[in-house]
Amino acid sequence: MTQPAFTADVYQNQYLAAGATTVDAMVTVTATGDGTGAVPAGGAPSAAEVIMIDCSGSMGYPRSRMTEAIKATGVAIDTLRDGVLFAVVAGRSMATQVFPGNGMVAASPETRAAAKQAVGRLTPEGGTAIGSWLSLANRLFAGVDAQVKHAIMLTDGRNQHESHETLMQVLRTCEGKFTCDSRGVGGDWVADELRAVASGLLGTADGLEDPAELPAAFRSMTESAMGKAVADVRLRLWTPASSTIRFVKQVYPQVEDLTARRVDVSPRIGEYPTGSWGAESRDYHVSVQVAQGSVGEELLAARVSLVDGDTVLTQSLVLANWTDDEALSTQINDRVAHYTGQAELASAIQEGLAAREAGDEDTATAKLGRAVQLATESGHEQTAKLLNRVVDVVDAPTGTVRLRRDASNVDAELTNVRSVKTIRVKKS
Amino acid sequence: MPTNPATVRTVDCPRCGAPALSSFRFCEACGAALRDDAPPARRGTDWVSSTAPPEECPACGGTAFSPEGYCEGCGQRGPTGPDRSAYDLGLLAGVSDIGHRHQRNEDAMALGVLPGTALAVVCDGVSSSSRGDAASHAAVDAALPVLRDAVRDGAGAQKAIELSAEAARVAVAAAAGPETGNPPSCTYVAAVVTAGTVTVGWIGDSRAYWLPYGAAPVCLTTDDSLANELIAAGTPPADAYAAPHAGALVRWLGVDADDGPPKVVTIAPETPGRLIVCSDGLSRYRSAPAELAASTPPGAPLPVAHHLTKLALDAGGVDNITVVVVPYPPAQSGTTPQPDARPAEPR
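Quick notes on the rules
- Residues numbered from 1 in each chain as written.
- Chains lettered and ligands numbered in written order.
- Predicted model: local features only at pLDDT ≥ 70, side-chain atom pairs only at ≥ 80, totals over all residues.
- Heavy atoms only, no water.
- Helix = DSSP H or I, 4+ residues; strand = E, 2+ residues; numbered from the N terminus.
- Buried < 20%, exposed > 50% of the residue type's maximum accessible area, 1.4 Å probe, protein only.
- Contact = heavy atoms within 4.5 Å.
- Areas by Shrake-Rupley, 256 points an atom, 1.4 Å probe, with all protein chains shown as cover.
- Core = buried A, V, L, I, M, F, W, Y, C linked by side-chain atoms within 4.5 Å.
- Domains from an automatic or database assignment.
- Buried area = accessible area lost by both parts, 1.4 Å probe.
- Salt bridge = Lys/Arg side-chain N within 4 Å of Asp/Glu carboxyl O.
- Pairing = 2+ DSSP bridges.
- Axes fitted to C-alpha atoms, helices over the stretch in contact; angles between N-to-C directions.
- UniProt positions renumbered as here; feature names shortened; annotations may be inferred.
- Disulfide = S-S within 2.5 Å.
- Arc of directions from axis to C-beta.

- Chain B has the name PPM-type phosphatase domain-containing protein in an unreviewed UniProt entry, where Actinocatenispora rupis is given as its organism.

- In the annotation of an unreviewed UniProt entry, chain A is listed under the name VWA domain-containing protein and assigned to Actinocatenispora rupis.

Pasting the structure below:
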């Protein structure tokens, strides 16, 4: 696989009215590889994969949940290209290694067959302590040398056999060590926990209503991991003296606030982790507060680069021009407007569902109503459809809704876990 | 006894075979050039320009600038040159001024001389492009040395202007860097004035006027504007000038422009006069040749250039103003005039 070519395009209204100091820009970063998909030819970065399967007692009810999970793990193992190091972990109140006996082993026809045999003997019994599973994965990854380190974590329940603090502590330990996609199956998983794992470990989170969807989901996550061509890409941001960074967010394909993840490189430069990249495209929202300029002044408000180590993959400039021409300064960039709305949509859903769970129906109705309004305005059909499972929409354009009494736990969790998924600006 | 290197015979003339000394640039017998490695034009002595890269940021005093010209400390765009400059090379003189309304001087000029020959290039950064001054400044600095060396090497004024425009085009593309959205762009007008001819070449709407003493003045250039395109296509001039965007440029230097050669006009004046090469910061106030001639006093080129610049400033100065004045015929002195590389006094 050839090294992907990165491009960064900036979308902004660089014209500021006199007195304005906030500069917003959308940066679309696109990596174009050979585009052939899952299994790159020679030259792909070395990779390691840990698959964590929830084997708690509830996985046995219905029986199909465990059997589909076993089948899905087999599909993931088959999707690994030869030579990729891998291991399978069974998650209960503690983590136990299923295959190989210890450490990690290179994928080959023999090790794949042996792994699937071991996975086939898994039985559902015991509890759920996700942090302990991630800790074992972290130890396994630490023992091997690989550029792309990726994990899959499947659970069907609440993280009830360890404290929330323990999980968060483990996540902080694992940050930057490997990436992890989290998935929930059944009706008892908790969206906030899945999103915490995915967010901390730069992966994706989702729920699967039907265990039969598991094999396809596992294949897709593994294919995506095998398609990664650059392991540890960081977004590097230069900002001028006497400016402050309001926030740095990934806004597509899902909302991820990176502001607090900054690592200072120098007083003017900081870096934000973006994980590994295959052939894909992501959008970032950079918002900078600059010192007030006088009309006619032109300022470099930020320089946005994507870097692999110290290699600059691509770079773009964010500018600010102060003008007294209102026709220029009052234009709102449609991408900035769109993603500002998408980010608000995600928080409205999360806040609305939290209020609903806390029994605060007024706040829940207001927030979820606003969410329906934003989803409708931006044409986000998937999210609008999910919202229909938790509210009855009376009038979408005004955001008038009623909470549904018949909404199930999984309706709310699915809506929550997918709240961060955004869509791009539709061509008008 | 040490040998005087100047007397060491090293070459024979490749054309006629006559013996020559290493210190000779031309064959004593037939006049052929003996060295094709004549030194390239040197800035400051052979030519001068209104451009000067910033040494420190006027906002914060920082000295590091990004390739695009932004201060690495405070992010302010550093100036690409001074707001006002004036140069007098004897055979010609020029003044460039920021005007009253613009924040940056996006005009640039470069002046050069050869024995008995005056050379000028004026470029005007397109203000609707980003960093128009980066284009105009890169353009004049690339164009003038190429123009001078080509004229010196006998290329002929038209060919020299074409080579110079191409050098400017390459420099403007380099100034754009990876920028593709609205890349830096500028106009281009060049003049070569010798004892017998005045040659001008242009791309865009910067102009050259021929103002003879005692004869009708004429604008040698035709703006590459939408209106002139319409007129060329048969639209009555009154309708063409009234068309929306009549003044819009149809040709310019920039990576987003067509790369045709400059249009070139040569005249062989029978009377003395002055060539005025200028940006639209002047021509917008004295567009008709007769108006400009009526406003141009006699005198040495530098005071005339200052006079015309002041006229444009007094008329409003809404744009950057650049005026180069070339008396014709050029003074015939036996030696290359030593250019005064110091900017003349600001107004």
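Additional details are given in the paragraphs that follow.
A look at the overall build of chain B
Phase 1: Summing up its helical and strand segments, chain B has seven helices and 14 strands in all.
Phase 2: Residues counted as buried form 49% of the 347 residues belonging to chain B.
Phase 3: Nonlocal contacts in chain B, meaning residues at least 24 apart in sequence, comprise 64% of its contacts between residues at least 6 apart.
Phase 4: As displayed, chain B has an accessible area near 15,100 Å², and 55% of this comes from carbon and sulfur atoms.

Quick look at the nonpolar core
Residue and element names in this part refer to chain A.
Phase 1: Ranked by size, the top nonpolar core spans 36 residues in total, and within it V50, M52, L134, F178 and C180 carry the most contacts.
Phase 2: Two domains each donate at least three residues to this core, and these are domain 2 (47-226) and domain 3 (335-417).
Phase 3: Setting aside anything within four residues of it in sequence, one finds M52 in contact with V89, W133, L134, A137, A151, I152, M153, L154 and C180.
Phase 4: Grouped together as the second largest cluster of nonpolar side chains are 34 residues, I53, M66, A90 and F218 included.

Observations regarding the interface of chain B and chain A
Phase 1: Of the residues lining the interface, twelve residues belong to chain B; the matching set on chain A comes to 14 residues.
Phase 2: With both sides pooled, the region where chain B packs onto chain A buries about 1,000 Å², and carbon together with sulfur makes up 47% of that total.
Phase 3: A per-residue breakdown of the area chain B buries against chain A is headed by Y70, E72 and Q76 of chain B, which together make up 41% of the total.
Phase 4: Joining chain B to chain A, the criterion identifies two salt bridges.
Phase 5: The salt bridge involving R303 of chain A is made with E72 of chain B; its shortest N-O contact spans 3.0 Å.

Quick notes on the domain arrangement of chain A
Residues and elements named next belong to chain A.
Phase 1: The assigned domain composition of chain A is domain 1 (5-35 + 231-324), domain 2 (47-226) and domain 3 (335-417).
Phase 2: The distance between the C-alpha centroids of domain 1 and domain 2 comes to 34 Å.
Phase 3: Tallying the contact residues gives seven residues for domain 1 and eight residues for domain 2.
Phase 4: When the two sides are added together, the surface that domain 1 and domain 2 hide from each other amounts to roughly 620 Å², 52% of it contributed by carbon and sulfur.
Phase 5: Considering only the side of domain 1, the residues that lose the most area to domain 2 are A231, E256 and R261, jointly responsible for 59% of the buried surface there.
Phase 6: For the pair domain 1 and domain 2, the interface holds one salt bridge.

As for the sheet that holds strand β3 (residues 47-49) of chain B
Residue and element names in this part refer to chain B.
Phase 1: Spatially, the six strands line up as an open sheet ordered β3-β6-β7-β8-β9-β12, and their pairing is antiparallel. Edge positions in the sheet fall to β3 and β12 (263-267), since each has one partner strand and no second. Recorded for the sheet is a direction-independent mean angle of 10 degrees between the axes of neighbouring strands.
Phase 2: Bridge analysis of strand β7 (residues 117-124) against strand β8 (residues 188-193) gives five bridges, and the strand direction is antiparallel. Across the sheet, the residue bridging to L119 is V192, located in β8.
Phase 3: Set on the sheet, helix α1 (residues 132-152) makes contact with β3, β6 (107-114), β7 and β8; between it and β7 the angle comes to about 160 degrees.

Focus: the UniProt feature "domain: VWFA" (unreviewed entry) in chain A
Phase 1: UniProt records the feature "domain: VWFA" (unreviewed entry) at residues 46-216 of chain A, using the numbering of this structure.
Phase 2: The straight-line gap between the two end C-alpha atoms of residues 46-216 of chain A is 24 Å; of that span, 38% is helix and 24% is strand.

A look at the pattern of salt bridges
Residue and element names in this part refer to chain A.
Phase 1: Throughout the structure, instances matching the rule amount to 39 salt bridges over all chains.
Phase 2: Here R389 and D411 are joined by a salt bridge, their closest N and O atoms 2.8 Å apart. Of this pair, R389 sits in helix α10 (residues 381-390) while D411 sits in helix α11 (residues 409-417), placing them 22 residues apart in sequence.
Phase 3: With relative accessibility at 12%, the residue D411 sits in the buried group.

A look at the state of the cysteines
All names here are of chain B.
Phase 1: Under the criterion given, the structure shown has zero disulfides over all chains.
Phase 2: Here C123 stays unpaired: no disulfide links it, and the sulfur of C186, its closest cysteine neighbor, is 4.4 Å away.
Phase 3: Judged by relative accessible area, C123 falls into the buried class, the value being 0%.
Phase 4: Counting only cysteine sulfurs, C219 is the nearest neighbor of C278, a cysteine outside any disulfide, at a range of 7.7 Å.

Re the sheet that holds strand β14 (residues 321-328) of chain B
Residues and elements named next belong to chain B.
Phase 1: Reading across from one edge, β4-β5-β14-β13-β10-β11 is the order of the six strands in this open sheet, with antiparallel pairing throughout. Among the strands making up the open sheet, the edge pair consists of β4 (84-88) and β11 (218-219).
Phase 2: Pairing between strand β13 (residues 273-278) and β14: six bridges, direction antiparallel. Looking across to β14, one finds that G273 is bridged to Y328.
Phase 3: Packing against the sheet, helix α7 (residues 301-314) makes contact with β4, β5 (93-97), β13 and β14, and its axis sits at approximately 25 degrees to β5.

Description of helix α4 (residues 164-174) of chain A
Residues and elements named next belong to chain A.
Phase 1: L167, V170, L171 and C174 are the residues of α4 that are buried. Along α4, the residues classed as buried sweep out an arc of 105 degrees about the axis, all on the same side. Exposed residues lying more than 90 degrees from the buried face of α4 are E165 and R172.
Phase 2: Immediately beyond the C-terminal end of α4, within one or two residues, lies G176, with a positive phi of roughly 80 degrees.

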